[in-house]
Amino acid sequence: MTAPVLEVRDLCKTFTLHTIDGRTVASLRGVSLSVAAGEHVAIAGPNGAGKSSLLRCVHRTYRPDSGSIALHLATGPVSLTSLPDRAMARLRGREICYVSQFLETPPRAGALEVVADAARRRGLAADAAADAAAAALRRLGLDEALWDVDCGVLSGGERQRVNLAAGTVRPPRLLLLDEPVSALDPANRELALSLVSSLTSSGVAVLAVFHDLAAIRQLATRVIRMEDGRVVASGTADEILGELEAVS
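Remember, it's a predicted structure, so these values are computed and weren't measured experimentally. Throughout, residues of each chain are indexed from 1 in the direction in which the sequence is written. For this predicted model, a pLDDT threshold of at least 70 governs which residues receive local features, and a threshold of 80 or more governs which side-chain atom pairs are given and counted, while totals over whole chains, interfaces and linings are taken from all residues. Values reported for side chains reflect all heavy atoms of the structure, with hydrogen atoms and water molecules removed beforehand.

1. Details of the side chain of Lys-51
Counting through the fold element by element, Lys-51 comes out in helix H1 (residues 51–59). One buried charged residue, Lys-51, remains without a salt bridge, the closest side chain of opposite sign being Glu-179 at 6.8 Å. We call two N or O atoms a polar contact when they sit within 3.5 Å, provided that within protein one can donate a hydrogen and the other can accept it, with sequence-adjacent residues counted only if both atoms are side-chain atoms. In terms of polar contacts, Lys-51 uses its side chain to reach the backbone carbonyl oxygen of Gly-45, at 3.0 Å. Contacts were defined at the residue level, with two residues in contact if any of their heavy atoms lie within 4.5 Å. When sequence neighbours within four positions are dropped, the list of residues in contact with Lys-51 reads Ile-43, Ala-44, Gly-45, Pro-46, Val-209, His-211 and Met-226. Secondary structure elements follow DSSP: runs of H or I of four or more residues count as helices, runs of E of two or more count as strands, with numbering from the N terminus. Buried, partly exposed and exposed residues are distinguished by accessible area as a fraction of the type maximum, computed with a 1.4 Å probe on protein chains only: under 20%, between the cut-offs, and over 50%, respectively. Under the convention used here, Asp and Glu are negative, Lys and Arg are positive, and both His and the chain ends fall outside the count. Counted as salt bridges are all cases of a side-chain nitrogen of Lys or Arg within 4 Å of a carboxyl oxygen of Asp or Glu.

2. Comments concerning the sheet that holds strand E2 (residues 23–36)
The pairing criterion is simple: DSSP has to find at least two bridges between the two strands. With antiparallel pairing, 4 strands are arranged side by side in an open sheet as E2-E1-E4-E5. The open sheet has two edge strands with one neighbour each: E2 and strand E5 (76–79). Direction aside, neighbouring strands of the sheet carry axes that sit 25° apart on average. As defined by bridge partners, strand E1 (residues 4–17) adjoins E2 across 11 bridges and the pair is classed as antiparallel. Bridge pairing links Leu-11 to Val-31 in E2. Note on geometry: axes are lines fitted to C-alpha atoms, helical ones only across the stretch in contact, with angles between N-to-C directions running from 0 to 180 degrees.

3. Regarding the layout of surface pockets
Method remark: on a 1 Å grid restricted to protein atoms, a set of points is classed as a cavity if a 1.4 Å probe fits but cannot get out and as a pocket if it is open with protein on both sides within 12 Å along at least five of seven lines; lining residues have an atom within 4 Å of a point. Grid points are joined across faces, edges and corners, and a volume is the space filled by probe spheres set on the points. Taken as a whole, the largest pocket spans an internal volume of roughly 740 Å³. Contributing to the lining of the largest pocket are 36 residues, with Tyr-98, Ser-100, Phe-102, Glu-104 and Asn-163 lying nearest its centre. Of all the elements in the fold, those that place two or more residues in the lining of the largest pocket are H1, helix H2 (85–94), strand E6 (96–99), helix H3 (111–121) and helix H5 (156–168). In terms of residue count, H3 provides more of the lining of the largest pocket than any other element does, 5 residues in total. The nonpolar class holds Ala, Val, Leu, Ile, Met, Phe, Trp, Tyr, Cys and Pro. Asp, Glu, Lys and Arg form the charged class, and all remaining residues, Gly among them, are polar. Split by residue class, the lining of the largest pocket holds 13 nonpolar, 13 polar and 10 charged.

Written out as structure tokens, the structure reads:
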């Protein structure tokens, strides 16, 4: 069996609703999973199941209450739950990338600048980073006339493609995807899915959330179903999505 790139064990996360009488809401209840190099694990389940919370805990946008998250590097495993903030920031730059539905950029930053900056953080020199950024934007079909336009004025689909280009240029060891094609038209959706498919073929470990069941069937080597903060099933796309479709 291929060694895991990511191991999550017994992960728990709750949120305190300070504006609503201080009640707590459990988002993750003992989640365990692993993702190997070249594996695309898709997380399926209803809204509120904990899918995005899981990705954000791995990226450490959220800190879990308990449990462990280990990223396996060439030098050995690293605990993402206990890593100092600066070391975690360096890992995010080089080894882990989180692509959400929404692009966050500095003011007045253009698409080429945003993607090239991501390539530089992953170790490319300035000229090579600019070339890699241009190639990534072309592959995702973003018109070259838009490359120096402030990302804040781009359409939702254009921003989503910039976000995916930044996440996949000089591919990281672990790619986290949270609905990365939700705003794309059919033609650009296929370009994006083709890119993601090529990454797993080259050994990138992918953990992804899609509500698009067709995208899961196209990409996933394994599907995990979550409900109420728990993993309730794991199997092939046909097995897990067949169960979901039967229920619906």
